[in-house]
Amino acid sequence: VTPRDGDRLTYPMELLRYASSVYGQPVLLGASWSLLPWFFGAGVAFIVAHAAYKAVTGSREP
Amino acid sequence: MRAAETERVVRHRLPDRLYHWIMAAAVLTLLGTAFLPILGWKFEWVTAHWIAGLVLAALVAVHIVRASLWLDFWSIVPSYEDLRSGWRAIGLAVGHRGPLPLKPGKYSLLQKLYHFAIAAVILALIGTGGMMLLKIDTPWWRRNPYWLSDHAWGVIYAIHDLCAMSVITLLMAHIYFALRPEKLWMSHSMIRGWISGADYRTHHDPTRWPQQQGGE
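Residues numbered from 1 in each chain as written. Chains lettered and ligands numbered in written order. Predicted model: local features only at pLDDT ≥ 70, side-chain atom pairs only at ≥ 80, totals over all residues. Heavy atoms only, no water.

What follows covers the overall build of chain B. Helices and strands together make up the secondary structure of chain B, namely eight helices and two strands. When the helices and strands of chain B are read in sequence order from the N terminus, they spell out α-β-α-α-α-α-α-α-β-α. Projected onto its principal axes, the C-alpha coordinates of chain B cover approximately 65 × 40 × 35 Å. Within chain B, the fraction of its 216 residues that count as buried is 38%. Looking at chain B as shown, the accessible area adds up to about 12,800 Å², and 70% of this sits on carbon and sulfur atoms. (Helix = DSSP H or I, 4+ residues; strand = E, 2+ residues; numbered from the N terminus. Buried < 20%, exposed > 50% of the residue type's maximum accessible area, 1.4 Å probe, protein only. Areas by Shrake-Rupley, 256 points an atom, 1.4 Å probe, with all protein chains shown as cover.)

Listed below in structure tokens is the structure:
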């Protein structure tokens with residue numbers, strides 16, 4: 001468990017962020033920010049894959 | 001200069017170009033104010049974020065009305081011809097021999113699918129973001145965080161967060177294609193408004209996107 005931003009808790013590679021309520025129960029806060037690099041990485045992977053495909057095929061058109 | 005070199009076909013009229021670039025500024029503002037604080041750059045981001053969100057919502061509302069009433073709404077909707085052409089393109093890409101893909105109308109199938117994806121994400125962001133406005137004080141209303149349960153707010157935030165992160169991926173692909181050398185003829189039209197007659201005939205099917213040449 002990695003504490004972050006005071007009462008907010010994030011779990012590595014968790015999909016969601018939770019905090020603890022005053023009763024000690026988990027309260028959903030939103031999506032986990034640990035997903036951010038994955039969305040960025042997906043963009044990079046797509047660009048690299050497409051550029052490589054274009055370079056290999058030598059095509060100037062889709 | 002030969003007439004063929006000066007032919008112009010209007011692709012994006014001025015209101016549509018203004019919409020695109022103001023929307024780009026709003027989206028970049030929203031992404032910056034959303035993610036820079038998460039990455040460690042602390043500043044007062046909430047006010048700029050919700051104002052940019054309202055600008056984006058207003059722009060999208062205007063765009064929907066304009067596209068429905070003044071533009072060719074169906075030009076951005078995938079058609080049977082698009083799907084058939086897309087199937088042919090996939091076949092060619094994997095080495096099958098067969099008929100060539102058809103030239104597109106104003107937009108290709110992939111552009112239409114991209115527009116569908118980004119429209120769904122942006123509409124979800126506007127919807128959830130609009131609900132989040134109830135949690136902050138603005139000049140027009142006082143905050144009311146008890147409108148929904150904590151769990152319901154968590155779901156709304158989760159949808160907003162996931163859509164916001166997916167905008168990063170979609171935007172990267174959009175900018176990548178806009179900057180690819182073979183797409184610059186099209187990207188330039190989002191600045192100057194027109195494409196050349198040669199590009200029109202090379203990349204489009206005039207029967208699917210009939211245009212008078214001569215510029216705006």
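We now examine helix α1 (residues 36–57) of chain A. In this model α1(A) runs 32 Å from its N-terminal to its C-terminal C-alpha over 22 residues, within 8% of the 32 Å that 1.5 Å per residue would give. Restricting attention to buried positions, one finds in α1(A) the residues A:Leu36, A:Gly43, A:His50 and A:Lys54. With its buried residues spanning 90° around the axis, α1(A) presents them on a single face. Facing away from the buried surface of α1(A) by more than 90 degrees, the exposed residues are A:Pro37, A:Trp38, A:Val48, A:Ala55 and A:Val56. In this structure, the buried side of α1(A) is in contact with α2 (14–35) and α6 (150–179) of chain B. Among the residues trailing α1(A), A:Gly58 stands out with phi positive, at a value near 70°. (Expected span 1.5 Å × (residues − 1). Arc of directions from axis to C-beta. Contact = heavy atoms within 4.5 Å.)

This part covers the packing of α2(B) against helix α7 (residues 184–192) of chain B. Residue and element names in this part refer to chain B. Interaxial distance between α2 and α7 falls to 8 Å at its minimum, and their mutual angle equals 100°. Our classification of the angle between α2 and α7 gives roughly perpendicular. From α2, Arg17, His20 and Trp21 reach across to α7, where they touch Ser189, Met190, Ile191 and Arg192. Of the residues assigned to the contact of α2 with α7, the class counts are three nonpolar, two polar and two charged. (Axes fitted to C-alpha atoms, helices over the stretch in contact; angles between N-to-C directions. Parallel < 35°, antiparallel > 145°, perpendicular 65-115°, else oblique. Nonpolar A, V, L, I, M, F, W, Y, C, P; charged D, E, K, R; others polar.)

Averaged over all residues, the pLDDT of chain B is 92; the fraction at 70 or higher stands at 95%. Here the predicted complex scores 0.87 on pTM and 0.87 on ipTM. (pLDDT = per-residue confidence, 0-100.)

Below, the discussion takes up the packing of aromatic side chains. The tally for this structure, following the rule as stated, stands at ten aromatic pairs over all chains. Residues A:Trp33 and B:Phe35 carry aromatic rings whose centres are separated by 5.9 Å and whose planes lie at 90° to one another, so their mutual orientation is edge-to-face. Separated into two different chains, A:Trp33 in the loop between β4 (26–31) and α1 and B:Phe35 in helix α2 make up a pair that spans both. Chaining the aromatic ring pairs together yields one cluster made of A:Phe46, B:Tyr176 and B:Phe177. Seen from the ring of B:Trp194, B:Arg192 lies directly overhead, with NZ or CZ sitting 4.1 Å from the centre. (Phe/Tyr/Trp six-rings, centres within 6.5 Å; stacked < 30°, edge-to-face > 60°. Lys NZ or Arg CZ within 6 Å of the ring centre and 35° of its normal.)

On to the pairing of β4(A), then. Residue and element names in this part refer to chain A. Looking at chain direction, strand β3 (residues 16–20) and β4 are connected through five bridges and run antiparallel. Paired with alanine 19 across the strands is valine 27, a residue of β4. The hairpin turn running from β3 into β4, its antiparallel successor, is five residues long, and glycine 24 in that turn takes a positive phi close to 80°. (Pairing = 2+ DSSP bridges.)

This part takes up the confidence of the model for chain A. Looking at chain A, pLDDT values average 81 and 73% of them are 70 or higher. Within chain A, α1(A) carries the highest mean pLDDT (95), whereas strand β1 (residues 2–3) of chain A carries the lowest (41).

Time to look at the packing of helix α3 (residues 46–69) of chain B against helix α5 (residues 109–132) of chain B. All names here are of chain B. The geometry of α3 relative to α5 is characterised by a closest axis approach of 10 Å and an angle of 130° between their N-to-C directions. Classed by the angle they form, the pair α3 and α5 counts as oblique. In this structure, α3 meets α5 at a crossing whose hand is left-handed. On α5, the residues touching Leu56, Ala57, Val60, His63 and Ile64 of α3 are His115, Ile122, Leu123 and Ile126. Tallied by class, the residues present in the contact of α3 with α5 amount to seven nonpolar, two polar and no charged. (Left-handed = near helix turned anticlockwise from the far one by under 90°.)

To continue, consider the pattern of salt bridges. Residues and elements named next belong to chain B. All chains considered together, the criterion is met by eight salt bridges over all chains. Between aspartate 137 and arginine 142 there is a salt bridge; the shortest N-O distance is 3.4 Å. Judged by its relative accessible area of 64%, arginine 142 falls in the exposed class. Among the ionic pairs, glutamate 182 bridges to arginine 180, the shortest N-O distance being 2.7 Å. Arginine 180 carries the same exposure label as glutamate 182, and that label is buried. Through salt bridges with shared partners, a single ionic network connects Asp82, Lys112 and Arg208. (Salt bridge = Lys/Arg side-chain N within 4 Å of Asp/Glu carboxyl O.)

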